[in-house]
Amino acid sequence: MNFRLIAAGAAAAFALTGPVIAAEGSTGASTLRALGAHIQLHIGTAAIPSDLSDPTLSQITAEQFSVLTPGNEMKWQVVEPEQGNFNWTGADNLVNFAEANHQRVRGHTLVWHNQLPNWLTQGVANGTISNDQLRDLLHQHITTEVRRYRGRIWQWDVVNEMLADSNPSQVKPTDFWISHLGTGILADVFRWAHAADPDALLCYNDYNIAGEDGSNAKFNAALTLVKSLLSQRVPIDCVGDQGHLDLQFGFNPILMSQDLQAFANLGLKVAITEADVRTFVETTDSSQTPIVSRTDLTPNHTADPAAADWYNGMLQSCLAVKACISFTVWGFADAESWVPGTFAGEGDADIYDVNLNTKPQYTALQQTLSLATGAPKRGDHDRD
Ligand code: 9MR
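Residues numbered from 1 in each chain as written. Predicted model: local features only at pLDDT ≥ 70, side-chain atom pairs only at ≥ 80, totals over all residues. Heavy atoms only, no water.

## Observations regarding the packing of helix α13 (residues 305-319) against helix α15 (residues 360-371)
Describing two packed helices takes the angle between their axes plus the distance from one axis to the other.
Thinking step 1. As a packed pair, α13 and α15 sit with axes 8 Å apart at the nearest point and diverge in direction by 30°. As summarised for this structure, α13 and α15 are arranged roughly parallel, according to the angle between their axes. The handedness of the crossing between α13 and α15 is right-handed. Within the contact between the two elements, α13 uses A307, A308, Y311, N312, L315, Q316 and L319 and α15 uses P360, Q361, A364, L365, T368 and L369.
Thinking step 2. Looking at the contact of α13 with α15 residue by residue, the class counts come to nine nonpolar, four polar and no charged. (Axes fitted to C-alpha atoms, helices over the stretch in contact; angles between N-to-C directions. Helix = DSSP H or I, 4+ residues; strand = E, 2+ residues; numbered from the N terminus. Parallel < 35°, antiparallel > 145°, perpendicular 65-115°, else oblique. Left-handed = near helix turned anticlockwise from the far one by under 90°. Contact = heavy atoms within 4.5 Å. Nonpolar A, V, L, I, M, F, W, Y, C, P; charged D, E, K, R; others polar.)

Structure follows, in structure tokens:
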């Protein structure tokens, strides 16, 4: 598959959705994507609709990144809000935007317990959807979505967050999909995705699977899972480590690179798929509502330099492993981050501040990529 050939034809389709930014390389040699391109490392971001339509955000999205992941727009809840009634608008816009801007796409995500449509979860809960029907619906969902974007998705996060946060860790018996369909479903879903798009790289994606839990328990479980899938000849091509870090916990980039290398040693590609580094932020607002503006920060709040270090550490872990093909941040702007809405009192997790100025986190990535431009290239990363 040659993704570069697809790009030209998509420009016309994009005309309706926003500006087309000039091709890679011509927008400034020091953008993250241009620096990553020297060694064929794709630098990505999660994108939500405003990242593609707002003039300033879309310019950053196009100029800085060479791979996009839809933050929500390809999730089942969004694409099939009512049974049989599809809404592909957001997903189509993202794929068109990406192609018009010579970017690749990480499809996200096909099998997850979260962001499922109500009709599905309610039907299962009230017994109107049997386990056999649930399996058929999942098969249909994967086939419909993967076929729709066949040839246009570089990597698919086929299975997301299936492992327990415990020591020892294992596939969660209580997960929605596992509890209804058994662990055998994990092999089936990769096979169904492969049948629908034989050229897409198919990934297992999770958080804390490259040593971030300190104990390596979740890494061990992930390794066991992917080895088991490989031994069954399941078409799995990659492991995505999300990389959601929090400064209150530990982080060891050496362990991360060793763990990524262990996946690579099985013949898999690896990727950092959702990097961000959150921390507690003091606000002048005693209710601790999410930070929406830099002016909400108290004067004694100073950016913790560890955040830039940890971004850098994740990037270096990826750079140390030749099979690491992409490094994606989970959104680039603090104002759009999922963090304040999920972790009370935390934020400051991204590489651009709320006024869209680059932060030391951005500069750290830029410098490290600059230093790596002479390193060996990673290859074309297409499916063999
Ligand atoms: O960024 C996504 C946010 O907008 C949604 O509200 C949230 C729902 O759980 O999902 C976020 O993205 C998640 C991703 O799909 C999987 N890994 C964790 C991400 C952050 O929650």
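## Some words on the packing of aromatic side chains
Thinking step 1. Summed over all chains, the structure comprises eleven aromatic pairs.
Thinking step 2. An angle of 0° between the planes, with centres 6.1 Å apart, marks the rings of W76 and W177 as stacked. With W76 in helix α5 (residues 76-79) and W177 in helix α9 (residues 176-181), the pair connects residues that are 101 residues apart, well separated along the chain.
Thinking step 3. Taking the relative accessible area as the measure of exposure, W177 reaches 0% and is therefore buried.
Thinking step 4. Summarising the aromatic geometry, the rings of F86 and W88 are spaced 5.7 Å apart at their centres and angled 5° between planes, so their arrangement reads as stacked. (Phe/Tyr/Trp six-rings, centres within 6.5 Å; stacked < 30°, edge-to-face > 60°. Buried < 20%, exposed > 50% of the residue type's maximum accessible area, 1.4 Å probe, protein only.)

## Remarks on the side chain of R378
Thinking step 1. With respect to the helices and strands, the residue R378 is situated in the segment after α15.
Thinking step 2. In terms of polar contacts, R378 uses its side chain to reach the backbone carbonyl oxygen of C324, at 2.9 Å.
Thinking step 3. Those residues in contact with R378 that lie beyond four places of it in its chain are I39, Q40, L41, C318, L319, V321, K322 and C324. (Polar contact = N/O pair within 3.5 Å; in protein donor to acceptor, adjacent residues only side chain to side chain.)

## A word on the state of the cysteines
Thinking step 1. Under the defined criterion, the tally for this structure stands at two disulfides.
Thinking step 2. The side chain of C203 participates in a disulfide bridge whose partner is C238; the two sulfur atoms lie 2.0 Å from each other. Negative torsions about the S-S bond denote left-handed disulfides, and the value of about -75° found for C203 with C238 makes this one left-handed. Highlighted residues: C203 in strand β5 (residues 201-206) and C238 in strand β6 (residues 238-241), separated in sequence by 35 residues.
Thinking step 3. The disulfide bridge from C318 ends at C324, spanning 2.1 Å between sulfur atoms. The S-S bond linking C318 to C324 shows a torsion near -100°; that makes this disulfide left-handed.
Thinking step 4. Taking relative accessible area as the criterion, C318 reaches 0% and is therefore assigned buried.
Thinking step 5. Cysteine pairing for the chain (bonded cysteines numbered in sequence order): 1-2, 3-4. (Disulfide = S-S within 2.5 Å.)

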